[in-house]
Amino acid sequence: MKKALHFISHTLGFERLSKYERDYLHDANIRSSIYMGVIVMLLEIWMLVRQTVSKIIPKYLAGGDLLALLIKYTTKYWLFLLVGFGIMLFCSFQKDKKLSKGRFWALTIVGSACVLYTSVLSLESFTKESESVTPVMAGIMNAMLISIYVLLFVIGASIVVYALFKYLKHKTIVPLEHAAIIGFTLVCLAFGVFVSYSDFWGAKEIICFLTMVIYVGCLLIYRPYITILILGASFLGFYEVLLTYQNGMSFQAQEVVINGELLKITSGDTVNYITFFISLTTICFAIYHGRLNEAKKTKALEKSAKEDALTGMNNYSYFPALAKEYIQGVTENFGENVFLFLDVHNFKAFNDRRGFEAGDKFLVAIGKYISDIFSDSLCARQADDHFVVLTKTEGLQERLDRLNRLVHDYDEEILLGINCGAYHLTGENEDPRMAIDRARYAAHLIKNRFQTVYAEYDKTMSEEYHKRLYVVNSIDSAVSNGWIVPFYQPVVWSDTKELCGCEALARWMDPVYGQLFPNEFIPVLEEYRLIHKLDKAIFESVCRDLRAAMDAGKPVVPVSLNFSRLDFELMDAPQELEDLVTRYRIPKELIHVEVTESALTDNFSRLNAAMNRIKELGYSLWLDDFGSGYSSLNVLKDYQFDVVKIDMRFLSNLENSEKSKTLIDCIIKMANRINMLTLTEGVETEMQAEFLNQIGCNRLQGYLFGKPIPKDALYTRIDSGELIVAKKHL
Ligand code: C2E
Ligand code: MG
Ligand code: MG
């Protein structure tokens, strides 16, 4: 029963439609109205030609006044032509819901033509009592005519006033579109009824009425029950009232005498007539449901193209188009609109601790917080835990505080929060993607700073920002064009100061920016998870350099390679190294692997496995930058390092600080106790070198012995005797 009711309500169009479906059907009707406008114009042109040939020319030739004839016989058609033209124009400019100049003029034309027609020229079309029209019937028809004229006049005048009002206020005019469609329907039906009425009593076919109902029913598609009402009322009105009532006859009346002629309305005609009505209504139903299906399909397609599957927010590919539209709507004070890039602080930690599923739930919750707090703005999920918003600056701080609080309270054990980068609009030509990237850059600058929630992009950031973007976009060409090269910094024995190794430090020799230093590209490559490309390139260059030196019979020393924490995630780093070493036939003792201390703070098991593998493969494992981060002695306990590189920060102010001296002394003794060798980085003075030698640090590295230099420069120093290669390296 419920199903049957649902089916009936669906078939008759009683069901609730979504806004999207309503808009879709409405837009289709507006497009149909363009054709209607064209048809009206063609009809009126034809009428003008007909009037000219059949009335104006003969009367003019018989001595009539041309101007008077033109006014008398063509004014009406010119006005109709204008109406058709105006409607066509109005509907053609429908793309922007705002009242554009084109639409404004179209409306003014239509409105004025309606006012003119109804106020000046309508009187002559009143039906007079005649042989075929009884006084009652003439009364009914004239009353209908008057109502239509009054309605048309009011509509025409309102259109002009409304258009002017809205045009001045830049408002949308969707209600006017509805009015236009309804008005069109009524005018067409009335036209059909009146023409066919007189045709019928002139013993002609009622083609005009039938054409008009087809025209209205099949071009302008209403919900089925409305179609039944409109068509039913027209048919009934035309047939039952006008044709039957006039002669006081019933629907089944068979014969009438008109102008002395006997006319027959047979029951066969009636059946045809009803069949026509039913068929037309069915066709209208079919078109309606066809369009509705189309709307549903298009909606589903658009949804998948526009929506983020997890949060249901706009997705990132759709956001720029929305943002463009938003920007177009801004006419002044561009700077009061701002792009926000929101990054969830500690999301990774949440995911690690609570698991993937909980992480997804958390993202959905954040999406909801953002959509609620910025309900009047444009929001989207960019990717991962990144969201973007385009909003007004007014009240922004308060909204961000609210969001931050909600995110913070989501899990009491993990320190959660929001980092927000902002970029203010500068003008109407703003590229949304660029704008978002700038906001993202501002957010990046405060990443990992829990206290700083908000940062704005400003012009001073611009140069660095472009450089970062350049690095990300050019890493592939940098690798393939050989712009990434290792520089070698000497490492010496602290007692003899003889060369016992080198550290390979990456340099980016860029054709545009010149030489770039690691701080300009390593962090950004890590952020965009591209660092492994650079490291692989450096590993290979080092192997190639060693091979070339060995082939040339030059002395070689071990080279330390820097591994990023991400190398172990983004590639099978130990295996990659092993493959290169095998390919270039490099003795394993010539390669040292440096892993920085801060890399070892998370995901113990995976890193531990990788470290063990490196050791198993036979490489010497060095701990870089010891003492630079949240130094934990656990790192020394958990991993099997051969050498500890003590961070250069310990050397600052060494001369004047007894405390620093004691600290380094302790570290070195401790390392020795657990069978690790030591190297101190950043040695710049003789005094430092002497001190470190005395306390038993094995190796030294720093500007005192040489800055990082290209391979050839290193050999020049060796050849000149400036650097003496030690006999033993280990
Ligand atoms: P690091 O591995 O600790 O390298 C030592 C850094 O200290 C180098 O900076 C070096 O030039 C600098 N340095 C050496 N001696 C002195 C000194 O006496 N005084 C001063 N003030 N500085 C000195 P660089 O070449 O700029 O590299 C910085 C960091 O970039 C490196 O720190 C390393 O973590 C990273 N890096 C460099 N090359 C690579 C690479 O190929 N791959 C990866 N993943 N990271 C790299
Ligand atoms: Mg290093
Ligand atoms: Mg270091």
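Shown above is the structure to which this text applies.
Heads up: these notes are all about the structure in this document. (Residues numbered from 1 in each chain as written. Chains lettered and ligands numbered in written order. Predicted model: local features only at pLDDT ≥ 70, side-chain atom pairs only at ≥ 80, totals over all residues. Heavy atoms only, no water.)

1. Some details on the coordination of the magnesium ion (ligand 3)
Test applied: Any nitrogen, oxygen or sulfur atom within 2.8 Å of a metal ion counts as a donor, with the limit raised to 3.2 Å for Na, K and Ca, and since water is left out, coordination shells can look unfinished. Only DSSP runs of H or I covering at least 4 residues are called helices, and only runs of E covering at least 2 are called strands; the numbering of each starts at the N terminus. Burial status follows relative accessibility: with a 1.4 Å probe on protein chains alone, a residue under 20% of its type maximum counts as buried, one over 50% as exposed, and anything between as partly exposed.
Only Asp624 (OD), Asp625 (OD), Glu681 (OE) and Glu681 (OE) from the protein reach the magnesium ion (ligand 3) as donors, at distances of 2.1 to 2.5 Å. Metal-to-metal, the separation of the magnesium ion (ligand 3) and the magnesium ion (ligand 2) is 3.8 Å; Asp624 coordinates the two. One end of the pair, Asp624, is in strand β13 (residues 620–626); the other, Glu681, is in the loop between β15 (677–680) and α23 (686–694), and 57 residues separate them in sequence. When sorted by exposure, Asp624 lands in the same class as Glu681, which is buried.

2. Here's the deal with the state of the cysteines
The condition that has to hold: Cysteine sulfurs are considered disulfide-paired once they come within 2.5 Å of each other.
Considering all chains together, one arrives at 0 disulfides under this definition. Not part of a disulfide, Cys208 finds its nearest cysteine sulfur in Cys188, a span of 9.6 Å. Residue classification places Cys208 among the buried residues on the basis of a relative accessible area of 16%.

3. Structural notes on the site of ligand 1
The following threshold applies: By convention in these notes, a residue is near a molecule or strand provided one of its non-hydrogen atoms lies within 4 Å of it. Pairs of N or O atoms are called polar contacts if they sit within 3.5 Å, as long as, within protein, a hydrogen donor faces a hydrogen acceptor (for residues adjacent in sequence, only side-chain-to-side-chain pairs). To be clear on the numbers: accessible area is Shrake-Rupley with a 1.4 Å probe, and residue cover counts the displayed protein chains and nothing else. When residues are sorted by character, Ala, Val, Leu, Ile, Met, Phe, Trp, Tyr, Cys and Pro go into the nonpolar class, Asp, Glu, Lys and Arg into the charged class, and all the rest, Gly among them, into the polar class.
The full set close to ligand 1 counts 22 residues, and Glu503, Asp535, Asp624, Glu684 and Tyr703 are the nearest of them. In the model, a nitrogen atom of ligand 1 is placed 2.9 Å from a nitrogen or oxygen of the Gln489 side chain. One of the side-chain N or O atoms of Glu503 is found 2.8 Å from an oxygen atom in ligand 1. Considered on its own, ligand 1 offers 790 Å² of accessible surface; in the complex 81% of this is hidden by protein. Among the elements that line the shell around ligand 1, the one with the most residues is strand β9 (residues 499–510), at 4 residues. Considering only residue class, the shell around ligand 1 consists of 9 nonpolar, 5 polar and 8 charged.

4. Things to note about the nonpolar core
The condition is simple: Definition of nonpolar core: a set of buried residues of the types Ala, Val, Leu, Ile, Met, Phe, Trp, Tyr and Cys, connected through side-chain atoms within 4.5 Å. Should any heavy atoms of two residues lie within 4.5 Å, those residues are considered in contact.
Ranked by internal contacts, the top residues of the largest apolar core, which has 84 residues, are Trp508, Leu561, Phe563, Phe568, Val595, Leu600 and Leu692. It is helix α17 (residues 531–551) that provides the largest number of residues to this core, a total of 8 residues. Excluding its chain neighbours within four sequence positions, the residues that come into contact with Val595 are Phe563, Phe568, Leu600, Met611, Leu621, Trp622, Leu623 and Asp624. By size, the runner-up hydrophobic cluster in this structure holds 56 residues, among which are Tyr77, Cys114, Leu189 and Phe238.

5. Details of unusual backbone geometry
Glycine aside, negative phi is the norm for most residues, and most peptide bonds take the trans geometry. We note that Lys497 has phi near 60 degrees; this positive angle belongs to a residue other than glycine. Its place among the elements puts Lys497 in the loop between β8 (484–493) and β9. Despite not being glycine, Asn675 shows a phi value in the positive range, around 60 degrees. As for its position among the elements, Asn675 is in the loop between α22 (658–673) and β15.

6. Examining the sheet that holds strand β5 (residues 386–392)
Under the convention used in this document: One requirement defines pairing of two strands: DSSP has to find at least two bridges between them. Orientation is described by lines fitted to C-alpha atoms, with helices fitted over the stretch in contact, and by angles between N-to-C directions that extend from 0 to 180 degrees.
Sheet architecture is open: 5 strands sit in the order β4-β5-β3-β6-β7, paired in mixed fashion. Edge positions in the sheet fall to β4 (378–383) and β7 (454–456), since each has one partner strand and no second. For this sheet, the mean inter-axis angle between neighbouring strands, taken without regard to orientation, is 25 degrees. With 3 bridges joining them, strand β6 (residues 417–424) and β7 adopt parallel strand pairing. Residue pairing for β7: Gly421 is matched across the bridge by Ala455. In the packing of helix α10 (residues 319–329) onto the sheet, contacts are made with β3 (337–345), β4 and β5, and the angle to β5 comes to roughly 10 degrees.

7. Quick word on the environment of Ala713
Following the sequence through the fold, Ala713 ends up in helix α24 (residues 711–719). Sequence separation between Ala713 and Phe487 is 226 residues, and the spatial gap between their C-alpha atoms is 9.4 Å.

That's the geometry; what it means functionally is another story.
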